[in-house]
Amino acid sequence: MVVVLDPFNKYPIGYAIGDRETPKLIKTAIQNAVMHTKDLFGSYLKPHELQSDNYQIKHMRPYYKKATANFNPAGVGNSSAKVIEPWFNYLNKTRCRMYDNWSGFNTNTGSKNQPNTEVMNKLKKNFPTREGLENQIHHIMSQERQGKVGEYVQSFKNTKDEFKHIMSEESFLLNLGHVTKLNTLRGDGLRVSINSEYRWFDSFDINFRKHATEKWEVRYLEEDLSKAIAVSESETYRFPVIEKYVGSMALADRSDEDELQRKKIGDFNRTTTNYIKTNRIEQAEIVENLFALNPQLNDVTAKHLLTDSLGQHKIHKRRTSEAVKKGKNKVISIEAKEVRKEEKDFEDKQMEYLKSKVNTSDYLDD
């Protein structure tokens, strides 16, 4: 578990559960913290200052800076500045130790701080599944929050406004959301891969479909895919998107939510259809006015720009055949001139050769 802790009264304002510590898990914990501020105070808030350890600091630093007004990583080897480790020790002793599947402290802390192996073997059949274990952690964090939330909220009310940094939902998603790879908009929306699983996102904003040639990345929240934003590759365009709703196929299985979503989609489709019809009518009127003011354009060959086998604009057959005939005559005429020129050159060369071999004056009388 990665925890975002407020040192004021050690309130766990955000956390995330995973198989191991990763940059993505840390980002999910920060997302959870900012989302929890909205539950408590009505707006997304980022902290005035954020401190962290140096895990993957080169990779995480840009994200940390977006998540806070002031980022202050802990100094390397400065254990006295750490708050998280002592808090985990406290949580382990007061909350986790009572569960049968408690795994103890670090293995180098001695047998007194480890669970009884024989007892654990007897109880292992009752150990929870992955889902059950996560529910245990959620319950522990809920208990920890309940005991401190009153003091935490009251103290926040007394905090000066200069230390309160409100974020819009769009800014929250743009700066702190997870980012997918670039994808092309398709007929069924944007298909993106999240945690090695394909998800489909789409928007009820009709302008989104006007930019189908763009490539898009989706910025989303790990625990709430109903909040996401599509950003174009150039970051010129952005649209709010939601994960596509998948309703029940069988009539008997349909719920009120299924019907509500079907109605929402149906209304959007009807609005879109009317928009397309209106748009086509307006375009047709523009084209009709253009041809009305320019009668020379009101011709099939002019309107469609048809070309013949020679790449020329198709006109009347008679004129086309005449043009082809003239073109052929020009070719024949040019070829005939070249042949005559070659013949003349050959005759001249022959006469010069004969003159050089025979002296005609020897055969003439004095």
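Reading the values: the criteria
Residues numbered from 1 in each chain as written. Predicted model: local features only at pLDDT ≥ 70, side-chain atom pairs only at ≥ 80, totals over all residues. Heavy atoms only, no water. Helix = DSSP H or I, 4+ residues; strand = E, 2+ residues; numbered from the N terminus. Polar contact = N/O pair within 3.5 Å; in protein donor to acceptor, adjacent residues only side chain to side chain. Contact = heavy atoms within 4.5 Å. Core = buried A, V, L, I, M, F, W, Y, C linked by side-chain atoms within 4.5 Å. Buried < 20%, exposed > 50% of the residue type's maximum accessible area, 1.4 Å probe, protein only. pLDDT = per-residue confidence, 0-100. Salt bridge = Lys/Arg side-chain N within 4 Å of Asp/Glu carboxyl O. 1 Å grid on protein atoms, 1.4 Å probe; cavity = no way out; pocket = protein on both sides within 12 Å on 5 of 7 lines; lining within 4 Å. Points joined across faces, edges and corners; volume = space filled by probe spheres on them. Nonpolar A, V, L, I, M, F, W, Y, C, P; charged D, E, K, R; others polar. Phe/Tyr/Trp six-rings, centres within 6.5 Å; stacked < 30°, edge-to-face > 60°.

Draft legend 1. Main features of the side chain of Ser-232. Within the secondary structure, Ser-232 is located in strand E10 (residues 224-232). Here the side chain of Ser-232 touches Thr-236 through a polar contact of 3.1 Å, landing on its backbone nitrogen. Sequence-distant contacts of Ser-232, that is, excluding residues within four places in its chain, are made with Glu-214, Lys-215, Trp-216 and Tyr-237.

Draft legend 2. Spatial organisation of the nonpolar core. In this structure, Ile-30, Tyr-64, Phe-172 and Leu-176 are the most contacted members of the largest nonpolar core, which totals 29 residues. Those elements that place two or more of their residues in this core are strand E1 (2-6), strand E2 (11-16), helix H1 (23-41), helix H2 (57-67), helix H7 (169-176) and E10. Sort the elements by how many residues they give to this core and H1 lands first, with seven residues. With residues near it in sequence (within four places) discarded, Ile-30 still touches Val-4, Tyr-63, Tyr-64 and Ala-67. With 14 residues, the next largest nonpolar core counts Ile-194, Trp-216, Tyr-220 and Ala-230 among its residues.

Draft legend 3. Representation of the confidence of the model for the protein chain. Taken residue by residue, the protein chain gives an average pLDDT of 83. The fraction at 70 or more is 81%. Element-level pLDDT for the protein chain is lowest in helix H10 (residues 317-357), with a mean of 64, against a maximum mean of 96 in E2.

Draft legend 4. Just the pattern of salt bridges, in detail. Evaluated as defined, the whole model comprises 16 salt bridges. One salt bridge connects Glu-144 with Lys-148, and the closest N-O pair in it is separated by 2.7 Å. Of the two residues, Glu-144 and Lys-148, neither departs from the other in class, the shared state being buried. Across the pair Arg-270 and Asp-267 runs a salt bridge, and its minimum N-O distance is 2.4 Å.

Draft legend 5. Structural detail: the environment of Tyr-99. Residue placement: Tyr-99 occurs in the loop between helix H3 (84-96) and helix H4 (117-123). Distance in space between the C-alpha atoms of Tyr-99 and Gln-136 is 8.8 Å, their sequence separation being 37 residues. Beyond its immediate chain neighbours, meaning those up to four positions away, Tyr-99 contacts Gln-136, His-139 and Ile-140.

Draft legend 6. Layout of the layout of surface pockets. Size it by volume and the largest pocket reaches roughly 1,400 Å³. Contributing to the lining of the largest pocket are 45 residues, with Val-4, Leu-5, Asp-6, Pro-7 and Leu-50 lying nearest its centre. Looking at the lining of the largest pocket, the elements that each hand over two or more residues are E1, H1, strand E3 (44-46), H2, H3 and helix H6 (149-157). Here the residues of the lining of the largest pocket sort into 28 nonpolar, eight polar and nine charged. Considered as a void within the structure, the second largest pocket measures approximately 790 Å³ in volume. Residue lining of the second largest pocket: 25 residues in total, with Asn-92, Cys-96, Trp-102, Ser-103 and Gly-104 positioned closest to the centre. Sorting the residues of the lining of the second largest pocket by element identifies H3 and helix H5 (130-146) as the ones contributing at least two each. For the lining of the second largest pocket, a count of residues per class yields twelve nonpolar, nine polar and four charged.

Draft legend 7. View of unusual backbone geometry. At Asn-195, a position not held by glycine, the phi torsion is positive, near 55°. Here Asn-195 lies in the loop between strand E7 (190-194) and strand E8 (197-202). Under the relative-accessibility criterion, Asn-195 is labelled partly exposed at 48%. Residue Glu-235 is not a glycine yet carries a positive backbone phi of 65°. Its location among the elements puts Glu-235 in the loop between E10 and strand E11 (238-243).

Draft legend 8. Broad picture of the packing of aromatic side chains. Going through the model one piece at a time under the given rule, you end up with ten aromatic pairs. Between Phe-208 and Phe-239 the ring centres are 5.5 Å apart and the planes differ by 55°, which places this aromatic pair in the tilted class. Taken together, the positions of Phe-208 in the loop between E8 and strand E9 (215-221) and Phe-239 in strand E11 put the pair 31 residues apart, joining distant regions of the chain. The burial state of Phe-208 is the same as that of Phe-239; both residues are buried.

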